[in-house]
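Chain by chain, the residues:
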Amino acid sequence: MKKFITFGLASVIGASGLFIPFTHEANAQDLEQKKLELDSKQSEVNKNLEKKKEELSKLEAKQKALALKLKEIDEKALKTSGQIEEKQAENEKTKKEINTLKKEIADTEKRIEERSEFLKKRVRALQENGGSTKYIDVLLGAKSFSDFISRAGAVSTLINADSEIIKEQEKDKAELQKSENELNTKLEDVQKTLSKLETLQSDLNQQLDEKDKLFKQVKEQKGSATSEISELNSQSDSIASEKDATIAAQKQAEQEAKEAAQKEKEEKAPTKQRQSNVQAEDNSSTNNSSPSSSNKNRSSNNNKNSSSPSKKPSTGGGSPVSSNVGGIEGAISTGSTIVGQSPYKWGGGRSQADIAARRFDCSSFVRWAFASAGINLGPVGGTTTDTLVGKGRAVSASAMKRGDLVFFDTYKVNGHVGIYLGNGTFLNDNSSRGVSVDSMSNVYWKKAFKGVVRRVVE
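Okay, so let's go over this structure. (Residues numbered from 1 in each chain as written. Predicted model: local features only at pLDDT ≥ 70, side-chain atom pairs only at ≥ 80, totals over all residues. Heavy atoms only, no water.)

### Overview of the overall build of the protein
Formally: Here a helix means four or more residues in a row that DSSP labels H or I, a strand means two or more in a row labelled E, and each is numbered from the N terminus. The cut-offs for exposure are 20% and 50% of the maximum accessible area for each residue type, with area from a 1.4 Å probe on protein chains only; residues under the lower value are buried, those over the upper are exposed, and the others partly exposed. Any two residues whose heavy atoms approach within 4.5 Å at even a single point are treated as in contact. For the area figures, the Shrake-Rupley method with a 1.4 Å probe applies, and any residue is considered shielded solely by the protein chains shown.
Regarding its fold elements, the protein presents ten helices and eight strands. When the 458 residues of the protein are sorted by exposure, 30% land in the buried category. In the protein, 68% of the contacts between residues at least 6 apart in sequence involve partners at least 24 apart. In the form shown here, the protein has an accessible surface area of approximately 28,500 Å², with 51% of it arising from carbon and sulfur atoms.

### Some words on the side chain of Arg455
Note on placement: Arg455 falls in strand E8 (residues 449–455). Leave out the neighbours within four places in its chain, and Arg455 touches Val321, Gly392, Arg393, Val395, Ala399, Met400, Lys401 and Asp404.

### Digging into the environment of Glu104
Residue position: Glu104 is located in helix H2 (residues 28–128). On the basis of relative accessible area, Glu104 is assigned to the partly exposed category, the value being 43%.

### Focus: unusual backbone geometry
In this structure, Arg358 takes a positive phi of about 60 degrees despite not being glycine. Here Arg358 is to be found in the loop between helix H7 (352–356) and helix H8 (362–371). With a phi close to 55 degrees, Asn423 is a non-glycine residue in the positive phi region. Mapped onto the secondary structure, Asn423 falls in the loop between strand E5 (416–422) and strand E6 (425–430). For Asn423, a relative accessible area of 82% puts it in the exposed group.

### What about the packing of aromatic side chains?
To be explicit about the condition: Between 30 and 60 degrees the pair is tilted, below 30 it is stacked and above 60 it is edge-to-face, where a pair is any two Phe, Tyr or Trp rings, Trp via its six-membered ring, whose centres lie within 6.5 Å.
Inspection of every chain in the model, using the stated rule, returns nine aromatic pairs. Each ring, one from Phe426 and one from Trp445, has its centre 5.3 Å from the other, and the planes form 85 degrees; the classification is edge-to-face. Of this pair, Phe426 sits in strand E6 while Trp445 sits in helix H10 (residues 443–448); the two residues are 19 residues apart in sequence, bridging distant segments of the chain. Taken as a pair, Phe426 and Trp445 share a single burial class, namely buried. Put simply, the rings of Phe408, Phe426, Tyr444, Trp445 and Phe449 pair up and form one aromatic cluster.

### Here we look at the nonpolar core
Rules: Nine residue types can take part in a nonpolar core, namely buried Ala, Val, Leu, Ile, Met, Phe, Trp, Tyr and Cys, and a core is a set of them joined through side-chain atoms within 4.5 Å.
Membership of the largest hydrophobic core comes to 31 residues, with the highest contact counts inside it found for Met400, Val406, Phe408, Met440 and Phe449. Elements with a minimum of two residues in this core: H2, helix H4 (145–268), strand E4 (405–408), H10 and E8. Top contributing element to this core by residue count: H2, with ten residues. Each residue touching Phe449, except ones within four places of it in the same chain, is listed here: Ala397, Met400, Val406, Phe407, Phe408 and Met440.

### Section: helix H6 (residues 326–336)
The cut-off we apply is this: Taking the helix axis as origin, the arc is that swept by the directions to the C-beta atoms.
Of the positions making up H6, those classed as buried are Gly327, Ile328, Ala331, Ile332 and Gly335. Angularly, the buried residues of H6 cover 135 degrees about the axis, an arc narrow enough to put them on a single face. Each element contacted by the buried residues of H6 is listed here: H8, E5, E6 and strand E7 (434–439).

### Description of the environment of Ser441
For clarity, the threshold we go by: Pairs of N or O atoms are called polar contacts if they sit within 3.5 Å, as long as, within protein, a hydrogen donor faces a hydrogen acceptor (for residues adjacent in sequence, only side-chain-to-side-chain pairs).
Examined against the element boundaries, Ser441 turns out to sit in the loop between E7 and H10. A residue is classified by how much of its surface remains accessible, and Ser441, at 56% relative accessible area, is exposed. Expressed as a C-alpha distance, the spacing of Ser441 and Thr425, which sit 16 residues apart in the sequence, is 8.3 Å. With near-sequence residues (within four places) excluded, Ser441 lies in contact with Gly424 and Lys446. At a separation of 2.6 Å, a polar atom in the side chain of Ser441 contacts the side chain of Ser439.

### Remarks on the pattern of salt bridges
Filter applied, for reference: A pairing counts as a salt bridge when a side-chain nitrogen of Lys or Arg comes within 4 Å of a carboxyl oxygen of Asp or Glu.
Tallied over the full model, the rule gives 18 salt bridges. Between Lys71 and Glu75 there is a salt bridge, with the nearest N and O atoms lying 2.5 Å from each other. Taken together, the residues Lys71 and Glu75, both in helix H2 and four residues apart, mark about one turn of the helix. Residue Glu75 is classed as partly exposed on the basis of its relative accessible area, which comes to 27%. As a salt-bridge pair, Glu97 and Lys186 come within 3.8 Å of each other at their nearest N and O atoms.

### Brief notes about the pairing of E8
The test is simple: Two strands are counted as paired when DSSP detects at least two bridges linking them.
As paired strands, strand E3 (residues 393–395) and E8 are joined by three bridges and run antiparallel to one another. Each residue of the ladder has a partner; that of Val395, found in E8, is Val453.

### Looking at the sheet that holds E7
Filter applied, for reference: For every element, the axis is a line fit to its C-alpha atoms; helices are fit only across the contacting stretch, and the angle between N-to-C directions ranges from 0 to 180 degrees.
Pairing in this open sheet of six strands is antiparallel, and the strands run E3-E8-E4-E5-E6-E7 from one edge to the other. Looking at the sheet topology across the chains shown, the edges are occupied by E3 and E7. Put simply, the sheet's adjacent strands are angled 35 degrees from each other on average, direction ignored. With four bridges connecting them, E4 and E5 associate as antiparallel partners. Residue pairing across strands places Phe408 opposite His416, the latter belonging to E5. H8 contacts E4, E5, E6 and E7 of the sheet and is inclined by roughly 45 degrees relative to E5.

### Concerning a negative patch on the surface
Quick reminder of the rule: Exposure above 30% relative accessible area and the lack of any salt bridge qualify a residue for a patch; like charges then connect within 9 Å, and the nonpolar side chains Val, Leu, Ile, Met, Phe, Trp and Tyr within 5 Å. Positive charges come from Lys and Arg alone, negative charges from Asp and Glu alone, with His and the N- and C-terminal ends not counted. Where a charge lies is defined by one atom per residue type, namely NZ (Lys), CZ (Arg), CG (Asp) and CD (Glu).
On the surface, Glu109, Glu113, Glu114 and Glu117 cluster together into a patch of negative charge. Examined against the element boundaries, Glu113 turns out to sit in helix H2. For Glu113, a relative accessible area of 58% corresponds to the exposed category.

### Some words on the pairing of E5
Within E5, seven of the seven residues are buried, leaving the element largely enclosed by the surrounding structure. Looking at chain direction, E5 and E6 are connected through three bridges and run antiparallel. Paired with Tyr420 across the two strands is Phe426, which belongs to E6. If you look at the hairpin formed by E5 and E6, you'll find two residues sitting between the two strands, and Asn423 has a positive phi there, around 55 degrees.

This is the structure:
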């Protein structure tokens with residue numbers, strides 16, 4: 001009995017690997033001091049843990065605010081891109097009008113030149129026939145008063161005709177000059193506006209790049225803080241385990257000291273009494289061993305049961321590509337019916353009320369269009385760009401075809417999705433124009449497209 005106790009109390013190994021020797025003369029104060037030191041360590045770890053959790057909370061709030069700001073800037077960039085397209089179209093239209101006007105100016109100048117030549121010929125004819133006296137000769141050559149009146153009217157008509165030609169020439173010149181000035185002013189205004197929009201677009205793109213870098217930095221800081229919290233939790237668990245081992249050792253040392261004192265007392269007692277006590281102790285040991293054995297058996301059974309293999313949920317692979325080829329045209333046809341009639345709604349399309357009212361965001365619109373053609377791309381309430389980018393199979397941008405899903409890095413990676421139509425166009429629901437058909441060569445979409453394409457229908 002004595003040997004068993006001495007062996008059992010020879011040492012205790014804590015969670016930190018600390019070796020703590022014990023004998024019958026072990027000082028309980030040392031164990032108490034050890035426990036206090038562990039309490040101090042755990043308190044310090046807990047303080048650091050709280051600080052890191054607070055830091056993580058602030059980083060999460062900052063990340064959320066940055067995401068909203070990125071989305072806001074992204075929407076402005078998209079809107080500006082649309083305005084640039086409109087001004088570019090207006091610029092081209094004005095240039096065409098100026099070219100048309102130049103042709104009209106050339107034609108008018110030709111008419112003016114012809115009229116001038118006609119007047120020159122008339123003046124030359126007058127000069128060859130005696131100048132202005134020709135008109136007088138016409139009047140004096142009248143044979144009667146009525147003939148004189150008739151001749152006077154003819155002369156007046158010729159003079160007025162010449163005067164009208166001169167006035168018409170001056171009027172044409174003035175109108176042409178006015179039209180040319182107006183078109184030049186309009187072209188100048190359009191080009192100024194276009195320049196401002198392009199500058200704004202450049203500034204927005206720069207802001208997006210800066211915010212995106214900051215977002216990534218915060219994300220890295222958040223990951224670092226999460227790792228540190230995990231490490232601090234491990235330290236806390238390790239200290240707690242070591243503390244439990246120290247407390248157990250302390251109790252065990254106290255028990256051994258108590259038993260040693262009892263034995264010392266028994267050795268001083270009469271031999272008969274000592275034998276009686278030893279017998280009683282042996283009986284007690286025998287009785288105590290029974291439940292211990294029973295507990296051991298139960299523990300063994302429990303361990304056996306717990307070690308039995310359990311079924312793990314199947315992880316499965318990516319969603320297969322649908323073979324419903326006709327569904328592509330069905331999806332595009334359905335989606336096209338609401339072009340220009342469905343305003344964009346952030347988070348929309350995830351309730352029956354929104355679907356009935358045709359209120360979608362980009363991912364819910366794509367899901368709805370394909371679902372209408374019998375192709376399931378995900379649940380109504382759980383389909384996002386993040387889930388859609390994992391559907392079907394990836395194809396290269398050079399090999400994409402009508403019906404493929406195209407993704408764009410807007411306020412986040414793969415933040416926008418649309419349905420490729422072919423010829424560099426795609427059908428989508430965006431915050432600027434709602435459901436619309438847009439060109440992938442548009443300055444905004446061209447910058448945001450990074451070549452991510454998924455084929456969900458073969």
